[in-house]
Amino acid sequence: MTLTIEKLIYGGDGLARLPADERGPGKALFVPFVLEGEKISASIREEKPGFARAQLEDILEPSTQRIQPTCPYYQHCGGCHYQHTSYENQLAIKSAILRESLRRTAKLELQTELTIHPSPPWNYRNRTRLQVRADSTFALGYFKMSSHELLPVEQCPISSSLINRAIGVVWELGRAGQVPSTLREIELFADADDARVQVELYLDPREEKAKRTQAGQALAHRLRDTLPEIANAYVFARSKQSARGTQGQISEEPDWAVKADEFRYRTRTASFRVSGGSFFQVNRHLIDELVILATANRSGELALDLYAGVGLFTTALAASFRHTIAVESSQSSAADLKYNIPANVKAVRSTVDEYLAAKGAKLHPDLVIVDPPRAGLGERVARNLARLSARQITYVSCDPATLARDLVHLTAGGYRVEQVHLLDLFPQTYHIESVVQLVQ
């Protein structure tokens with residue numbers, strides 16, 4: 001069928017409409033890898049009561065913004081969504097989606113300019129997680145688009161140079177039969193200088209622990225022998241995909257770890273210990289800018305850092321607030337947080353929901369920073385946050401839909417949006433990171 005794309009939506013797809021019939025107006029149809037205004041040929045691959053999904057067959061009338069993708073895996077790998085358009089147009093697409101989300105859900109028309117902070121569009125990721133198949137034929141890669149089928153990948157142009165070198169080493173060992181058949185995932189995390197890399201190995205939990213640990217140890221030593229830039233390696237008992245906590249962390253201790261060289265991530269503000277399983281931002285070019293936007297020109301008696309991770313914002317707050325309380329629920333991140341913070345910070349291991357419910361009535365913060373997972377705050381946390389009556393709230397969001405939903409509760413609680421920044425932490429993908437400043 002022939003369709004015209006109305007606009008792009010959050011998630012990377014383009015929106016078109018099926019023809020109207022006797023049952024009413026045509027339902028929404030979502031098509032990946034298209035651009036606004038394009039006339040395309042597509043075939044329906046999934047139909048639901050309220051919408052349908054289609055597969056792109058041909059571009060009949062391409063947009064002037066369309067370019068030739070450079071990655072050989074694009075449109076097969078599920079990682080990237082916008083490589084078929086210029087980086088400038090990607091920013092325009094994300095800006096329009098963020099504005100529409102705020103307008104439609106939060107009924108918020110921005111009274112100030114949406115400030116855009118671009119990133120180098122390639123080799124920006126300091127962390128990547130790959131799937132592994134090491135039984136009869138070795139393969140390392142990512143899931144295919146909209147599936148759990150493995151796509152073998154030998155290089156990733158959005159990951160750092162050191163991570164790509166590490167990917168090459170894993171392929172060498174895999175082809176040589178030196179990767180255990182029980183390895184399911186591998187995560188690579190490079191430091192700020194792209195000089196050291198930390199490895200997390202996730203093995204099948206069904207294997208006996210002693211054998212699993214021995215296999216992981218052997219692979220870790222082979223990796224470090226081949227690539228001396230590997231600082232530490234961790235062996236975990238289960239898939240990170242199934243073991244995720246509230247902010248993308250695993251929820252258990254590793255089976256085994258080799259810590260030959262303490263892994264630290266240095267920013268303009270501080271140096272952070274980041275252990276295996278702990279959360280840290282992925283764009284190595286915009287981390288300092290993110291910290292500045294969230295914390296600069298703010299001071300007072302008390303600041304709260306909720307969903308604090310290893311303390312990225314906490315350490316900056318400690319320099320300008322007399323007291324800071326940092327709340328984090330993940331075991332690994334909370335341990336690193338406690339290690340990284342200065343003396344005037346109190347670290348609390350708790351969910352934000354439980355902490356605000358128990359302590360919120362006693363707190364009178366000048367500033368609150370929230371950096372929740374993709375699911376957002378949720379109604380209860382948002383309402384309890386509004387009841388704190390902090391003079392300022394900084395909301396760091398990685399999902400415009402949940403951001404807009406949470407802003408409904410915060411604005412109902414007496415806050416107004418003062419500034420909105422779009423930080424492009426995820427070039428080539430549909431993900432949108434934003435920093436929203438709210439004041440009483």
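Above this text is the structure in question.
Owing to the predicted nature of the structure, the values given are computational and were not obtained by experimental measurement.

Participant: I'd like a rundown of the overall build of the protein chain, residues and numbers included.
Facilitator: Along its length, the protein chain carries 9 helices and 23 strands. Each of the 440 residues in the protein chain was classed as buried or not, and the buried ones make up 55%. Accessible surface, the protein chain as shown: approximately 18700 Å² in total, 48% of it carbon and sulfur. Charge centroids of the protein chain, computed over 52 positive and 51 negative side chains, lie 5 Å from each other.

Participant: Explain the environment of G413 to me, and be specific about the residues and the numbers.
Facilitator: You can see G413 is positioned in the loop between α9 (400–412) and β22 (416–423). G413 sits in the partly exposed class, given a relative accessible area of 33%. Considered as a pair, G413 and R387 are 26 residues apart in the sequence and their alpha carbons are 7.1 Å apart. For G413, the contacting residues outside a window of four places in its chain are A386 and Q440.

Participant: Could you give me a rundown of the layout of surface pockets, with the residues and numbers involved?
Facilitator: Of the volumes computed, that of the second largest pocket is approximately 260 Å³. Lining the second largest pocket, in full, are P32, F33, R45, A54, Q55, L56, Q75, H76, K144, M145, S146 and S147. When residues in the lining of the second largest pocket are grouped by element, the largest group, 3 residues, is from strand β6 (residues 51–61). For the lining of the second largest pocket, the per-class residue count stands at 5 nonpolar, 5 polar and 2 charged.

Participant: Pulling in residues and values, what's your account of empty space enclosed by the protein?
Facilitator: Using the criterion set out here, one finds 2 cavities of 30 Å³ or more in the structure. A volume near 90 Å³ is recorded for the largest cavity. Forming the walls of the largest cavity are 13 residues, and the residues nearest its centre are F279, A308, G309, L312 and D371. In terms of residue class, the lining of the largest cavity is built from 7 nonpolar, 4 polar and 2 charged.

Reading the values: the criteria
Residues numbered from 1 in each chain as written. Predicted model: local features only at pLDDT ≥ 70, side-chain atom pairs only at ≥ 80, totals over all residues. Heavy atoms only, no water. Helix = DSSP H or I, 4+ residues; strand = E, 2+ residues; numbered from the N terminus. Buried < 20%, exposed > 50% of the residue type's maximum accessible area, 1.4 Å probe, protein only. Areas by Shrake-Rupley, 256 points an atom, 1.4 Å probe, with all protein chains shown as cover. Lys, Arg positive; Asp, Glu negative; His and termini not counted. Charge placed at Lys NZ, Arg CZ, Asp CG, Glu CD. Contact = heavy atoms within 4.5 Å. 1 Å grid on protein atoms, 1.4 Å probe; cavity = no way out; pocket = protein on both sides within 12 Å on 5 of 7 lines; lining within 4 Å. Points joined across faces, edges and corners; volume = space filled by probe spheres on them. Nonpolar A, V, L, I, M, F, W, Y, C, P; charged D, E, K, R; others polar.

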